[in-house]
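Next come the chains, spelled out residue by residue.
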Amino acid sequence: MNFLNLFIFFLFFGSFSKLTDALSIDRFEQINSTVNIYGSGFGNDPNVIYFYIGTQYYTSNKIKIDVIDSQVSFQIFTVGVYNGMLKVVLNSDTFEYGNIQLTPTILTVTPPNGGIPTGYTSNVIIYGAQFDATQSKGEIYMNDNNITSNCNVSSTFVNYPISYQCEIPPGFGIIVIRVKVGDMFSNNITLWYRKPSIEVVGQALYLSNELVEISGNEFQNGTFDKTIVTFDGVQVEISSSTARSIFIKHNNTIIPKDRTKGFKVVVTVAGIIASVPNLDYDYFNYFTYNYVINKSVNGTYILDLAHPNWNYTDFILNNITVKSYCQVTRYPLLNIDINTIARLICDFPPSIKSGSAYFTDGYSTLNIDVFLTPYVSIPSTQQINDWPLNGGEISFYGKHFDKTMFNGSSNNLVINYNGNTFTNYNLINNTFMTFNIPPGNGTNNLLYISSVVNSSQPPFNITFVVPEIIIDSIVQINQSLLIKGSNLIITSSMIITLSGIDITSYCNNNVSDIICGPTLPIGVKSGQLLIESNGYKSATYILYLTPVITSIYPNLFDTTSNETLTINGVYFESIDPISQNSNNLQILIDDTVVTSVFINSTSITTTILPGVGSNHQIKVSINQTRFSNNDTFSYYQPIILDFKQTNNQFEIKGNYLGINSEDNKVYYNNIQIESKVSSLNNLEFTLLDSFSNGEVYVQVGNQKSNIYSTFLTPIINSISKKPYVDGSSVITVYGNYFSNLNYQTKQSTPTTFEFILDNNPSNSILLPCNYIDTISYSCEFTTKGYGNAILSATKTDSSNTYISNSFNLSYQEPKVIQSTSLFYKVAGLINITVESYSADSLQVFVSNSECTNAIALINKQIQCNYQADIPPNSDGKSLNITVISNSMVGINEVFYYNTRHECPNNCSNHGICNLVNGQCKCSNEWQSNDCSQEKQPPLPEPSVDNNGETTLDGGNNINFTVSITYLRETDLNGKTVKVLSLKDIKWNNQSQISKTQSYFNGTFDNESVQVELDVTFFKDEENFDFAGDTILIPSNSMKYIILISNWNFTSPLNNLQVIYNSQTTAFYDNGCEIIQANSSSNLDEESKVTESVTWFQLVSGNSAMDAKFSRRMFVDDRVRMASVSILDSNDSLYNLTNQSNSNESYKKLIAITTPYFRSNVKLDPSFSSLLQPSSTSECENKNKWKIPVIAVLCSVGGTTIAAITATMLYKSYKNKKINSDFASKLKNANKK
């Protein structure tokens, strides 16, 4: 075969091989963390082949080719490997085997220290790999029980778990842990519960019924079903078991096999024998006696026993049972069981002597010797003072004064005095003896009684009489001490010390006392004061020194910041030198404890907080019982630096003001003003509108600041009305700080007002103004103009001027008040009452029809020619009249067409009928509604009382009264919503303006409504044009102007009724007959016609009162048709009226109903009385009667008067007419 053929062979063979050994995976296997892959086409170069499990891939540094081309192995990662697609990539070839599932592997399990406890739940940490290969939580098994619910993931890698923390329940023995993920179980891990162990076994007393405690670890907790305990191989009954203790019900009559060691104890828990630390410890003593102490102490006998088994033991002394004289207690200082070691305290009677004794419980016996020492109960104290120098007999009472013991042997009873033994005592019995103390002197002469055993009772100290220094009291005066007492004469041998420091050189006699001072040596502190002198008994006195303040620094402080105060002095004792306990050392400021810092016994500091005032008391206290002298400090006096005004808000800037608003009291012109702190050392407040220039100061605590002169800039808030374009207006300017007097200097501070028209900005016009009060000026606007203007005020105080804000105002646009009427489609001239217009620039429209040839007349009227071609409004409302002057537009609903009304009886041919209102104008000789009566001399003038009620004299003791009695709101169905009685009104103003004029202004509690009455008497007849309706006011009439403002309607669909009560005498006897009062009107009272009542008559006896009502009213400045009705006798208001009036009166209630209004309505009734001619009948000739006719004319007016003040009403009275300054701006009455 040549080379070419050989090359072709290998090329063909390689291609064939590649086709037959394609890359593939046949199977895989996992052995712990090793994965073996079996397949083909793997080659032999690990650098060009990759294996993937899910997203995890393995490269050459992990891959091992076990068999060329067909077997590969690699170690999978312990974390980050999840179930997923197994595939292989070789160069550009890829083979996907499919999704595989990995077996989880437990690497380690970490139990608690010392193993898993048996008696309580514990936690283990399970670490491993492939715990969550399916991305779902694995399952944990313990001894093949699923405990997954008790496990939580404790750590993760890329959101997959790599360890679990599991709760292991109490138990015993072996635990096998494994993890299951999907269908795959991990390897097993074996753990063990802790083995039980015995630490201590309690004693089992013979004949005792007490439980035996076995202390140890890892016992059953709460149950003992798996626990077995044996004593000497015999199983005993278990009473209870905890993790640390087992309590045994032992048969205590049983004796251990080996008495020297006790019982052998074996504990088995769940088949596991408990370990014992010491091999001999599984034995424990059963019963022994062992005394530790045997002594007589202060009349009692003390015996300490080990394992006394006291309840079953008897105590025999000198062949006598003495157990009843003994009490058994726990051994002192050891918290151990009384049956382990006990202390017996026996109080034997005097009859018991020293001797032999033993303990026995029938099982064992303990022999002891008991030695009882003499005990003295009287004298009860070991210190015996003031014994005579020549000695004397002393008596001793007690017990166990025995010369012999129980067996007859000597007890060696002697008295020891100053180291010498004496037997020359007189023994009366074993409880009483006497002894003569030899002569002697001084102190520390010791005496005690002893026997075979020395007494444990302390010796008696015999002190012979010596003169002594006596200290009765010590008084501290600042740093000096005054010592009072006896034998206080200072000699060269006297030494005075205080707390161990010699102060003798600082002390001198003052008569019989000692004074030490004025200061004491450095280092002196509270303690024992000792005075010693040769030949005298020294004196001691426990002296607690009172702290003394010598100075403080500083003594002035800022009101706004914390500062440190240092107190210097002496005896600032933070530690009690006597008891060494801590003292409660405090600083009190104004008797309040503050925080302090102790530096040393002569210096303390404290922080002075922000505050105010002067002469604050400061003192030092020790334990709230010892108080120093007082010192004082103050805060700096407040200072005002600046005073600023922003409108009616004011600000004081200063120094040393209080940081709390309540600390600062601002006084403006000596009037306290409420203020608040706006920032540090800044106060802000509001001044009343009426305040003047003057002065201000601040009271901070008890300190007053400097007085600061103030100048207030005036503020214009409002004006009473817009000025009229004709320059005829007098307006009131309202504002703040218009006062014309400086409070401080008492000098005048006038204010001037000027305005600038927008259409003439270069011309400043000064207004003539008059001061009214501190908040208002009256100014005359005499300049004709129109459009907008700016008003300002300038206040002058000495050489200072202050200019107010710029107040924007505008001239009043034409104000249409009312209009005369025409018949529909009957053209003619109409007169329109208008305020604020210019005569040389007029244009008038009725609705949208121009009223031509408009000219200005006198009395603020405009006359024009109207074609009467606009139909009346279908809703009964008046037509709009528009007046245009200098491009200023005024519009109001005031025009009604006339309707024809016939006069009663055609005026009896004695007068002229006004077909517009149906009223007669009688000729001079005639009177009454229908001109049917001859004119009679007038009756007396009507009178008005303090409540606005009118009374008319009808002659023959008959009077008629007319008054407003109620205001009633009704809904659309006529149902009453609210009623106010005029009996409840409070007249805030009752003024007699003149002989013919009165004014009333009143309100109701808890109601917004306001009622104003203007009552004027008209002596002569006058025609009055009201809302375009001409009304004749008869002579001798009383006319009311009634203004009702601010009624708070519950619904805009409701109405308001103004109720009049007309009242007279119910029955009248004219000498011939008794006549009952009656009434009539232009409508039948039983009629259902809804037409308004135009006249009403009330008759009593031979007298009558007539009332007439206008057909129009003003509602919110608009002309509306009136609605007048006589209330039905069943109306509930009659019952209310009858309750307050006599049943002998006849009354009728008349309601004027107004529609809803926003501001006000105005009523204008007039009352007149006339004398009618007498009749010619015989009875009437005998008793001539007079019939006064009272004509009542009523009208209601509108909203423009809502803001008009009582002052403006007062001016209208002076003109005796309806003045335009009254809010309704009604036309002056036209006299015809």
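What you see is a predicted model, and the numbers here were worked out from it, not measured in a lab.

(A) How the structure looks around the side chain of Ser-634. Looking at where Ser-634 falls in the secondary structure, it is placed in strand 61 (residues 631-635). Assessed through its relative accessible area of 13%, Ser-634 is described here as buried. Sequence-distant contacts of Ser-634, defined by excluding residues within four places in its chain, comprise Asn-555, Leu-556, Phe-557, Gly-613, Ser-614, Asn-615 and Gln-703.

(B) Representation of the packing of aromatic side chains in the model. Applying the stated criterion to the full structure yields 39 aromatic pairs. Consider the rings of Phe-28 and Tyr-97, whose centres lie 6.3 Å apart with planes at 75°: the pair is edge-to-face. Here the residue Phe-28 occupies a position in strand 1 (residues 24-31), and Tyr-97 occupies one in strand 8 (residues 93-100), the gap between them amounting to 69 residues. Residue Phe-28 is classed as partly exposed on the basis of its relative accessible area of 22%.

(C) Seen up close, a nonpolar patch on the surface. A cluster of nonpolar side chains, namely Phe-371, Val-452 and Val-453, defines an oily patch on the protein surface of about 210 Å² accessible area. By secondary structure assignment, the location of Val-453 is in the loop between strand 42 (445-450) and strand 43 (460-464). With relative accessibility at 31%, the residue Val-453 sits in the partly exposed group.

(D) Structural view of the pairing of strand 100 (residues 1037-1045). Of all the 9 residues making up strand 100, 9 are buried; the element is thus mostly covered by neighbouring parts of the structure. When strand 100 meets strand 110 (residues 1160-1163), the two strands line up antiparallel, connected through 4 bridges. Bridging across to strand 110, Ser-1045 finds its partner in Asn-1160.

(E) Region of the structure containing unusual backbone geometry. Across the junction of Gly-517 and Pro-518, the peptide omega takes the value 10°, indicating a cis bond. Along the chain, Pro-518 falls in the loop between strand 49 (513-516) and strand 50 (527-532). A cis geometry characterises the amide bond from Tyr-553 onward to Pro-554, with omega recorded as -10°. As for its position among the elements, Pro-554 is in the loop between strand 52 (548-553) and strand 53 (556-557). If you check the backbone angles, Ser-887 has positive phi at about 65° while not being a glycine. Tracing the backbone shows Ser-887 in the loop between strand 85 (879-885) and strand 86 (888-895). For Asp-1116, which is not a glycine, the phi torsion comes out positive at approximately 50°. Summarising the element assignment, Asp-1116 is placed in the loop between strand 106 (1103-1115) and strand 107 (1118-1121).

(F) Representation of the sheet that holds strand 48 (residues 507-510) within the structure. A sheet is described by the order of its strands in space; here 4 strands give the open sequence 44-45-49-48, paired in antiparallel fashion. Two strands close off the open sheet at either side, each with one partner strand: strand 44 (470-477) and strand 48. Mean inter-strand twist for the sheet, computed between neighbouring axes without regard to direction, equals 25°. One ladder, built from 7 bridges, connects strand 44 with strand 45 (residues 480-486); its direction is antiparallel. Counterpart to Ile-474 in the pairing with strand 45 is Ile-483.

(G) How the structure looks around the pattern of salt bridges. Taken as a whole and assessed by the stated rule, the structure comprises 19 salt bridges. For Glu-893, the salt bridge goes to Arg-1118, with nearest N and O atoms at 3.9 Å. Placement of the pair is Glu-893 in strand 86 and Arg-1118 in strand 107, with a sequence separation of 225 residues. Take Glu-893: its relative accessible area is 19%, and that puts it in the buried class. Under the relative-accessibility criterion, Arg-1118 is labelled partly exposed at 35%. Between Arg-968 and Asp-1131 there is a salt bridge, with its nearest N and O atoms 3.0 Å apart. Highlighted residues: Arg-968 in strand 93 (residues 959-970) and Asp-1131 in the loop between strand 108 (1124-1126) and helix 2 (1132-1140), separated in sequence by 163 residues. For Arg-968, a relative accessible area of 4% translates into the label buried. For Asp-1131, a relative accessible area of 17% corresponds to the buried category.

Rules behind the numbers
- Residues numbered from 1 in each chain as written.
- Predicted model: local features only at pLDDT ≥ 70, side-chain atom pairs only at ≥ 80, totals over all residues.
- Heavy atoms only, no water.
- Helix = DSSP H or I, 4+ residues; strand = E, 2+ residues; numbered from the N terminus.
- Buried < 20%, exposed > 50% of the residue type's maximum accessible area, 1.4 Å probe, protein only.
- Contact = heavy atoms within 4.5 Å.
- Phe/Tyr/Trp six-rings, centres within 6.5 Å; stacked < 30°, edge-to-face > 60°.
- Patch = residues over 30% accessible without salt bridge, like charges linked within 9 Å, V, L, I, M, F, W, Y side chains within 5 Å.
- Areas by Shrake-Rupley, 256 points an atom, 1.4 Å probe, with all protein chains shown as cover.
- Salt bridge = Lys/Arg side-chain N within 4 Å of Asp/Glu carboxyl O.
- Pairing = 2+ DSSP bridges.
- Axes fitted to C-alpha atoms, helices over the stretch in contact; angles between N-to-C directions.

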